[in-house]
Amino acid sequence: MSKVSASGLFTISVVAALLGALPAPAAEPVKIGILLPLTGNAAAAGQASKAAEEIGAEIVNGKHPELANLPLAASEGLPGLGGAKLDLVFVDHQGNPSLAQQLATRLITQDKVHALLGAYQSSCSFTATAVAERYGIPFLVGDSAALNITGRGFKWVFRSTPIASDYAATYMRFFDDMKKQGRRIAAIAVVNENTDYGTSVADSIEAEAKRSNVAVAIRIPYSASSTDVSAQVLQLKEKQPDVVIFISYTSDSILYMKSMKNLDYLPPMVIGDDTGFSDPSFIPAVSDIAQGAMNRSAWDIGKPGSTTYKINEMYKAKTGRDLDDTSGRNMQGFLALAEAINRAGSTDPEKIRLALSKTDLKPEQLMMGYNGLKFDDTGQNILASTYLIQLKDKQYQPVWPANAAAAKLDWPMAGWKH
Amino acid sequence: MLLLQVIVGGLLLGAIYALFSSGLTLIWGMMNFINFAHGEFVMLGMYVALLVVIWLGGGPAAFGFAAAFALFMLGIAVYLSLIRHVMRGPMLAQILSTFGLALLLRYTAFWIFSANFVSLPQSALSGTLNVAGILMPVPQLVAGLAAIVLTIALHLLLTCTTVGSQLLAVAEDRSAAMLMGIRPDRMQALAWGLAAASAGIAGALMAMSYPWSPSVGETFGLTAFVVVTLGGFGSVPGALYAGLIIGLIQALSAYLLGPIYKDIVVYALFAALLWLRPQGLMGKA
């Protein structure tokens, strides 16, 4: 008898404690579906972006007064929706565009997500955004650069990252600057992987180069899954361009650097168009033979104490690595989406879409080095921009433009001759 | 001169194709069994090499041997635990079993090693030989030559030794071999061991020149099928010629036509050959 009443008392006290601990009915969480390549060839990049978006959710959901210049960091959850938390649903499209399409459908119809984010490979963003448009769910593209993702007359697709034409224009401005400083840039070579991403960026570079009177000595499209790239390196060696631009994914960019050393071909400068050159595997694999290689990035860790530095510390504590540009652009996309949902004050898709279209973030409200965040009629961020960085020892440092530079540009690159 | 360079590069890569394909052709020829996990064996060989270099700091001889030994044991274990049983089942079960094995190995590797690309430290073997203006990266040269030697050694083992005759006897007529006192089970386990070992050592050799991640097996598995079909099912010399030919065609078409055409050229020639000579270069009609 006494036993029973004891356990009964215990149950009652537990229930009472639980009831007491419960806050006022919490606002429904906001579900965000995120498409990334979590396995397959680009899995490393996909996993890195996933970690970055999880940090993004932590910043929004938790209290982070130390990051107060970022919208939603200081408060807990989304104040506009009664403190609602963000709930992330990750799916793995393996870099396969048709799988990305299926998963986007599943996220919308079964998981009932309120907004979508993704999807790394341009080819996958291309198919997944079409699904979002059909169902009328807002889709924010954080890092895919191919031109054709926006500009299809879609109402529901927004893109925070700079795109192929922005990058191409940046390279040409850089070459112009270099020529003014007396460096010879008569001809360039463009080496691109042959899916949407590589093709789109390479097309834009060719077009911009023509406009800026820079000759493209050779353009080499190839498949990113190649096991051997010696033939391509020999083609470059034959043409002797002043700069080689690689638009490459991970294994292929490592392979190019190694093959260039093996075949003793070092051009005056190599520029990697982010992606493979920013992959967490790139520096450990080839930093000793690719000294001085350039890359583009809108991410800069910054000085100790700065917001970006603190974000990097959070990311480092989670993954053991510094945040990279690709993951950073995805995190920025995530934060911009959260800011719009908060402003919408609702999970109604149309209200989120309207809020996104009215987004107007200033540079100091961003973690990336964009000039701001403001979408045009096609959904493209018109204030997106990027720096150029250079590999020095085991780290990239901003070297161009001058106002963002933290180190002096080394030209020609040293490669393995240092 | 550049053309000669392209040819040398293609042949060196082709030699490695030959080595790992010879393992596939051995099993195919002996048991009429298609091993879809062969590319994964190559991938595991690469990781064995990495672990040996990191933990023990060995050179190519050490990690090559370690990869061969580890994969030899794995091959035997796979035969005893899986293949022996599904051999009695329908054809479809056989195909699906190794396909499942491939996925199991690949995702176990993802789990253990993560999806990041890795490569052997530069110090493992480096440098480039310059022979009359032709540049030969030492790792590729060593890998290519070792692959040719090992493929020939496998061929000699099959044709010139008692064990080889026993292996071939089982392949020819299982019951007749049993009547002669040969235990087919042991011989087939040995064949799986040898096949996996050749894939493992090829992986270790390639690890010296190429970065990889757990999904690399897919590419190599497909290449091995093309090489084996071209060379003729069950023919090790056929695999050697076919490997060299495919390496050469890939390199030449990538250089002369552009890299995106190299697979088109390979598969077009492959389809044409299947039409004209379905048994492959060296296969029995």
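Structural notes, computed from the coordinates. (Residues numbered from 1 in each chain as written. Chains lettered and ligands numbered in written order. Predicted model: local features only at pLDDT ≥ 70, side-chain atom pairs only at ≥ 80, totals over all residues.)

### A word on the sheet that holds strand β4 (residues 139-141) of chain A
All names here are of chain A.
Turning to step 1, where the next piece is worked out: Read across the open sheet, the five strands follow the order β2-β1-β3-β4-β5; overall the sheet is parallel. Sheet topology places β2 (86-92) and β5 (157-159) at the edges, where each strand pairs with a single neighbour. Strand-to-strand twist across the sheet, computed as the mean angle between neighbouring axes with direction ignored, equals 25 degrees.
Turning to step 2, where the next piece is worked out: In the sheet, strand β1 (residues 30-36) pairs with β2 via seven bridges, with the strands oriented parallel. By the bridge assignment, Lys31 is partnered in β2 with Asp87. (Pairing = 2+ DSSP bridges. Helix = DSSP H or I, 4+ residues; strand = E, 2+ residues; numbered from the N terminus. Axes fitted to C-alpha atoms, helices over the stretch in contact; angles between N-to-C directions.)

### Description of the interface of chain A and chain B
Turning to step 1, where the next piece is worked out: Between chain A and chain B, the residue contacts involve 33 residues of the former and 27 residues of the latter.
Turning to step 2, where the next piece is worked out: At the level of secondary structure, the elements contributing two or more residues to the side of chain A that touches chain B comprise α2 (43-61), β7 (215-222), α7 (230-239) and α8 (250-262) of chain A.
Turning to step 3, where the next piece is worked out: Taken together, the residues that form the side of chain A that touches chain B break down as twelve nonpolar, 16 polar and five charged. (Contact = placed C-beta atoms within 7 Å. Nonpolar A, V, L, I, M, F, W, Y, C, P; charged D, E, K, R; others polar.)

### Some words on the environment of A:Ser212
Residue and element names in this part refer to chain A.
Turning to step 1, where the next piece is worked out: Position of Ser212 relative to the elements: it lies in the loop between α6 (196-211) and β7.
Turning to step 2, where the next piece is worked out: C-beta crowding within 10 Å serves as the criterion here: with 16 such atoms nearby, Ser212 is assigned to the partly exposed category.
Turning to step 3, where the next piece is worked out: Put simply, Ser212 and Ala169 are 43 residues apart on the chain and 9.4 Å apart in space, counted from C-alpha to C-alpha.
Turning to step 4, where the next piece is worked out: Ser212 has contacts with Met172 and Asp176, leaving out every residue within four places of it along the chain. (Buried ≥ 20, exposed ≤ 12 C-beta atoms within 10 Å, placed from the backbone.)

### Side note on the pairing of β7(A)
Each regular strand displays side chains that alternate between the two surfaces of the sheet.
Residues and elements named next belong to chain A.
Turning to step 1, where the next piece is worked out: Of the pairings in the sheet, the one linking strand β6 (residues 187-193) to β7 comprises seven bridges and is parallel in character. Within the sheet, the bridge partner assigned to Val190 lies in β7 and is Arg219.
Turning to step 2, where the next piece is worked out: Once you follow β6 into α6 and on to β7, the crossover reads as right-handed. (Right-handed = clockwise from strand over helix to strand, strands pointing away.)

### Some words on the packing of helix α5 (residues 138-160) of chain B against helix α6 (residues 162-172) of chain B
All names here are of chain B.
Turning to step 1, where the next piece is worked out: Contact geometry of α5 with α6 gives a least axis separation of 5 Å together with a crossing angle of 80 degrees. Considering the angle they form, α5 stands roughly perpendicular to α6. Along the contact surface, α5 presents Leu157, Leu158, Thr159 and Cys160, while α6 presents Val163, Gly164, Leu167 and Leu168.
Turning to step 2, where the next piece is worked out: Here the residues of the contact of α5 with α6 are counted per class, giving six nonpolar, two polar and no charged. (Parallel < 35°, antiparallel > 145°, perpendicular 65-115°, else oblique.)

### As for the packing of α7(A) against helix α1 (residues 2-31) of chain B
Turning to step 1, where the next piece is worked out: In contact at an axis separation of 10 Å, α7(A) and α1(B) are set at 165 degrees when each is read in the N-to-C sense. Taken as axis vectors, α7(A) and α1(B) run roughly antiparallel relative to one another. Like other packed secondary-structure pairs, α7(A) and α1(B) cross with a definite hand, here right-handed. Of α1(B), the residues touching α7(A) (which contributes A:Ser230, A:Ala231, A:Leu234 and A:Glu238) are B:Leu2, B:Gln5, B:Val6 and B:Gly9.
Turning to step 2, where the next piece is worked out: When its residues are assigned to classes, the contact of α7(A) with α1(B) shows four nonpolar, three polar and one charged. (Left-handed = near helix turned anticlockwise from the far one by under 90°.)

### Digging into the sheet that holds strand β11 (residues 387-392) of chain A
Residues and elements named next belong to chain A.
Turning to step 1, where the next piece is worked out: Spatially, β7-β6-β8-β9-β10-β11-β12 is the arrangement adopted by the seven strands of the open sheet, whose pairing is mixed. Edge strands, defined here as strands with exactly one partner in the open sheet, are β7 and β12 (395-400). Taking the axes of each pair of neighbouring strands and ignoring which way they run, one obtains an average angle of 25 degrees across the sheet.
Turning to step 2, where the next piece is worked out: Taken strand by strand, helix α5 (residues 164-180) contacts β8 (243-247), β9 (269-272), β10 (294-297), β11 and β12, and its axis lies near 130 degrees from that of β10.
Turning to step 3, where the next piece is worked out: Lying on the sheet, α7 is in contact with β6, β7 and β8; it crosses β7 at an angle near 175 degrees.

### Here we look at α8(A)
Every α-helix carries 3.6 residues per turn, so stepping three or four residues along brings you back to the same face.
Residues and elements named next belong to chain A.
Turning to step 1, where the next piece is worked out: Taking 1.5 Å per residue as the helical rise, α8 with its 13 residues ought to reach 18 Å, and the 19 Å between its terminal C-alpha atoms agrees with that figure.
Turning to step 2, where the next piece is worked out: By the criterion of burial, α8 is predominantly enclosed, with 13 of the 13 residues buried.
Turning to step 3, where the next piece is worked out: Two residues or fewer past α8, Asp264 is found with a positive phi of approximately 50 degrees. (Expected span 1.5 Å × (residues − 1).)

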